[in-house]
Amino acid sequence: SPDEIIDNLGGFGLAVIYRGESSGPTVLIRGDMDALPIRETLDLDYGSLTDKVSHKCGHDGHSTMVAGLAPLLSQQRPLKGNVVLVFQPEEETGQGAHKVLSDSRFASFAPDYVFALHNIPGVEMGQVILRKEIFASASRGIIVKFSGLSSHAAEPENGRSPALAVAQVIQGFSSLPQFHTPFSEAAQVTVVHAQLGEVAFGTSPGEALVMATLRAHSEQTMSKLSDSCLSFLEGVATTYQLDYFTEWVEEFPATINDEKAVQLLENSIQVLGLKKSYRLAPFSWSEDFGHFTKMYPGAMFGLGAGKSQPHLHHPDYDFPDELIETGVRIFYELILQAGGHS
């Protein structure tokens, strides 16, 4: 059994701690656990029982891998250092890691290294995907609310409709990366939702909402892109005499891999004789594990989930159970490489 269990970490997280016989590095292994608002389309014995909610990103598999370390660590405590298994909720919103790290109890086991993985559909089963420096992109959502003045649809000149403002924001946001970031800086703005007025043919609208997701490989580019969005909004609102309100939500920092942590990964893969590949560019999706790597040296790696596996967040995605043992072996070898049993 573990030496200590800390529950309700950051709200609903769980930390399981195994202490070694002597001082040494503390290695933290994170497993994420949450589902998605996607209806279960597969006929599975273990499928979701909740309507419109299911595991379509493999976080259930990730957490199972981390749980698989528990019996190994219970049988053999690390000779040097400690191991912390963290089961972290709310990865999909970017809030879980931040809440766990903000819990005052986290300081009691501050790690020397942090590691996590993500399964990668479309890649050969069990192949390890490595990358130095930026592994996954930064992202943040913006909510824009326009407030003008409604009027009769026959007399739009008596109101201040945000209709054209919404149209320009959708078009302008989508093209901002082209005009405000150089070719060498990957960036993207995706409009995900828009709402204008009410369903009333006799009324010219007075309120509107636009939501978009910003993505960039680096924090510097993200900051520049965010400023460009705000400047653009100011101009549009002034043009159409609208009040507006902005809110930033679901913020994910870039996940940045530490050089020494990647070396430990490379050593582990070599010992285990697993296939590996290196990505030329960071993944375009974001991971809230970036909150961990922003504070502690660490690394995230990918693990191929099969070339025929539907992509992440697809209704037909199903985490391949045969990947579990590989993930457990890599994590355990990382603990050895970091000095836990040397």
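Below you will find a few notes about this structure. (Residues numbered from 1 in each chain as written. Predicted model: local features only at pLDDT ≥ 70, side-chain atom pairs only at ≥ 80, totals over all residues. Heavy atoms only, no water.)

## Comments concerning the overall build of the chain
No. 1: Summing up its helical and strand segments, the chain has eight helices and 16 strands in all.
No. 2: With the C-alpha coordinates of the chain rotated into their principal frame, the extents come out at 80 × 45 × 40 Å.
No. 3: Roughly 16,100 Å² of accessible area belongs to the chain as shown, and the carbon and sulfur atoms make up 52% of that amount.
No. 4: Positive and negative charge centroids in the chain, built from 23 and 41 side chains respectively, lie 6 Å apart. (Helix = DSSP H or I, 4+ residues; strand = E, 2+ residues; numbered from the N terminus. Areas by Shrake-Rupley, 256 points an atom, 1.4 Å probe, with all protein chains shown as cover. Lys, Arg positive; Asp, Glu negative; His and termini not counted. Charge placed at Lys NZ, Arg CZ, Asp CG, Glu CD.)

## Looking at the sheet that holds strand 3 (residues 22-33)
No. 1: What the eight strands build is an open sheet, ordered 1-2-4-3-5-16-6-15; its pairing is mixed. Edge strands, defined here as strands with exactly one partner in the open sheet, are strand 1 (4-9) and strand 15 (276-278). The sheet shows a mean angle of 25 degrees between the axes of neighbouring strands, taken without regard to direction.
No. 2: Of the strand pairs in this sheet, strand 2 (residues 13-19) and strand 4 (residues 80-89) are connected by six bridges, and their pairing is antiparallel. (Pairing = 2+ DSSP bridges. Axes fitted to C-alpha atoms, helices over the stretch in contact; angles between N-to-C directions.)

## Details of helix 4 (residues 163-180)
No. 1: With 18 residues, helix 4 extends 25 Å from end C-alpha to end C-alpha; this agrees with the ideal 26 Å at 1.5 Å per step.
No. 2: The largest bend in helix 4 is about 40 degrees, located at Ser174, with the proline Pro177 one to four residues further on.
No. 3: Among the residues of helix 4, Ala165, Val166, Val169, Gly172, Phe173, Leu176 and Pro177 are the ones counted as buried.
No. 4: Buried positions along helix 4 lie against strand 8 (138-147), strand 10 (187-196), strand 12 (207-216) and helix 5 (219-239). (Expected span 1.5 Å × (residues − 1). Bend = angle between axes of the 7 residues up to and from the residue. Buried < 20%, exposed > 50% of the residue type's maximum accessible area, 1.4 Å probe, protein only. Contact = heavy atoms within 4.5 Å.)

## With respect to helix 6 (residues 259-272)
Each full turn of the α-helix corresponds to 3.6 residues, which orients residues three or four apart in the same direction.
No. 1: Between the first and last C-alpha of helix 6 there are 20 Å, a value that for 14 residues agrees with the 20 Å anticipated at 1.5 Å per step.
No. 2: Among the residues of helix 6, those classed as buried are Ala261, Val262, Leu264, Leu265, Glu266, Ser268, Ile269 and Leu272.
No. 3: Considering only its buried residues, helix 6 is in contact with strand 5 (113-120), strand 6 (128-130), strand 14 (255-257), strand 15, strand 16 (298-304) and helix 8 (324-337).
No. 4: The residue sitting at the N-terminus of helix 6 and contributing the capping side-chain oxygen is Asp258; that oxygen lies 3.0 Å from the backbone nitrogen of Lys260.
No. 5: Looking at the residues trailing helix 6, positive phi occurs at Gly273, about 70 degrees. (Polar contact = N/O pair within 3.5 Å; in protein donor to acceptor, adjacent residues only side chain to side chain.)

## Examining the packing of helix 1 (residues 59-67) against helix 8
In a packed pair of helices, the relevant descriptors are the angle between the two axes and the axis-to-axis distance.
No. 1: Closest axis-to-axis distance for the helix 1/helix 8 pair is 8 Å, and the angle between their directions is 50 degrees. The orientation of helix 1 relative to helix 8 falls into the category oblique. Crossing of helix 1 over helix 8 shows right-handed handedness. On the side of helix 1, the interface is formed by Thr64, Met65 and Val66, while helix 8 contributes Ile324, Gly327, Val328 and Phe331.
No. 2: In the contact of helix 1 with helix 8, the residues fall into five nonpolar, two polar and no charged. (Parallel < 35°, antiparallel > 145°, perpendicular 65-115°, else oblique. Left-handed = near helix turned anticlockwise from the far one by under 90°. Nonpolar A, V, L, I, M, F, W, Y, C, P; charged D, E, K, R; others polar.)

## Topic: the packing of aromatic side chains
No. 1: Counting across every chain of the model gives eleven aromatic pairs.
No. 2: Through a chain of ring-to-ring contacts, the aromatic side chains of Phe106, Phe109, Phe289, Phe292 and Tyr296 assemble into a single cluster.
No. 3: Between Arg140 and the ring centre of Trp248, over which it is positioned, the NZ or CZ distance is 3.8 Å. (Phe/Tyr/Trp six-rings, centres within 6.5 Å; stacked < 30°, edge-to-face > 60°. Lys NZ or Arg CZ within 6 Å of the ring centre and 35° of its normal.)

## Examining the pattern of salt bridges
No. 1: Here the structure, examined in full by the defined rule, presents twelve salt bridges.
No. 2: Salt-bridge contacts for Lys99 lead to Glu90; the nearest nitrogen and oxygen are separated by 3.0 Å.
No. 3: Taking the relative accessible area as the measure of exposure, Glu90 reaches 26% and is therefore partly exposed.
No. 4: Salt bridges sharing partners connect three or more residues here, namely Arg30, Asp32, Glu287 and Asp288. (Salt bridge = Lys/Arg side-chain N within 4 Å of Asp/Glu carboxyl O.)

## Remarks on the sheet that holds strand 13 (residues 243-252)
No. 1: The strand order across the open sheet built from four strands is 10-12-8-13, with neighbouring strands paired in antiparallel fashion. Sheet topology places strand 10 and strand 13 at the edges, where each strand pairs with a single neighbour. The average undirected angle you get between the axes of adjacent strands in this sheet is 15 degrees.
No. 2: Of the strand pairs in this sheet, strand 10 and strand 12 are connected by nine bridges, and their pairing is antiparallel. Counterpart to Ala187 in the pairing with strand 12 is Ala216.
No. 3: On the sheet, helix 4 packs against strand 8, strand 10 and strand 12 and is oriented at approximately 165 degrees with respect to strand 10.
No. 4: On the sheet, helix 5 packs against strand 8, strand 10, strand 12 and strand 13 and is oriented at approximately 10 degrees with respect to strand 8.

## Quick look at the nonpolar core
No. 1: Within the largest apolar cluster, 40 residues are counted, with the highest numbers of intra-cluster contacts made by Leu85, Phe115, Phe301, Ile330 and Phe331.
No. 2: Once residues within four sequence positions are removed from consideration, Phe301 is found in contact with Ala116, Leu117, His118, Val128, Ile129, Leu130, Phe135, Leu265, Ile330, Phe331 and Leu334. (Core = buried A, V, L, I, M, F, W, Y, C linked by side-chain atoms within 4.5 Å.)

## So, the environment of Lys145
No. 1: Locating Lys145 in the fold gives a position in strand 8.
No. 2: Excluding residues within four positions of it along the chain, Lys145 makes contact with Ala208, Leu209, Asp243, Tyr244 and Phe245.

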